[in-house]
Amino acid sequence: MHTDEDRDGSETDAPPGAARRASAWMILAVVVGALLVCCCSAAVGLLIAWSAGLFHAPN
């Protein structure tokens, strides 16, 4: 018979390693999101600089 003191948290419905896999997917999603934001902001900055004429040859 198990009491509350005998439980160590390993008796859950999730398979072993599921929490680790979920956190790995979360980290991957955050990294991909950060890269997407950085690349999009760099592209927007280049587009604004191009439209402002910063890349055109001086006359």
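Residues numbered from 1 in each chain as written. Predicted model: local features only at pLDDT ≥ 70, side-chain atom pairs only at ≥ 80, totals over all residues. Heavy atoms only, no water.

Draft legend 1. Looking closely at helix α1 (residues 18-51). An ideal rise of 1.5 Å per residue puts 50 Å on 34 residues; α1 measures up with 49 Å between its terminal C-alpha atoms. Among the residues trailing α1, G53 stands out with phi positive, at a value near 85 degrees. (Helix = DSSP H or I, 4+ residues; strand = E, 2+ residues; numbered from the N terminus. Expected span 1.5 Å × (residues − 1).)

Draft legend 2. Structural view of the environment of S51. Locating S51 in the fold gives a position in helix α1. Since its relative accessible area comes to 61%, S51 is described here as exposed. Within the structure, the side chain of S51 is placed 2.9 Å from the backbone oxygen of I48, a separation counted as a polar contact. (Buried < 20%, exposed > 50% of the residue type's maximum accessible area, 1.4 Å probe, protein only. Polar contact = N/O pair within 3.5 Å; in protein donor to acceptor, adjacent residues only side chain to side chain.)

Draft legend 3. Expanded view of the state of the cysteines. Evaluation of the coordinates by the stated rule reveals zero disulfides. The thiol of C38 is unpaired, and the distance to the nearest cysteine sulfur, on C39, comes to 6.8 Å. C39 sits in the exposed class, given a relative accessible area of 52%. (Disulfide = S-S within 2.5 Å.)

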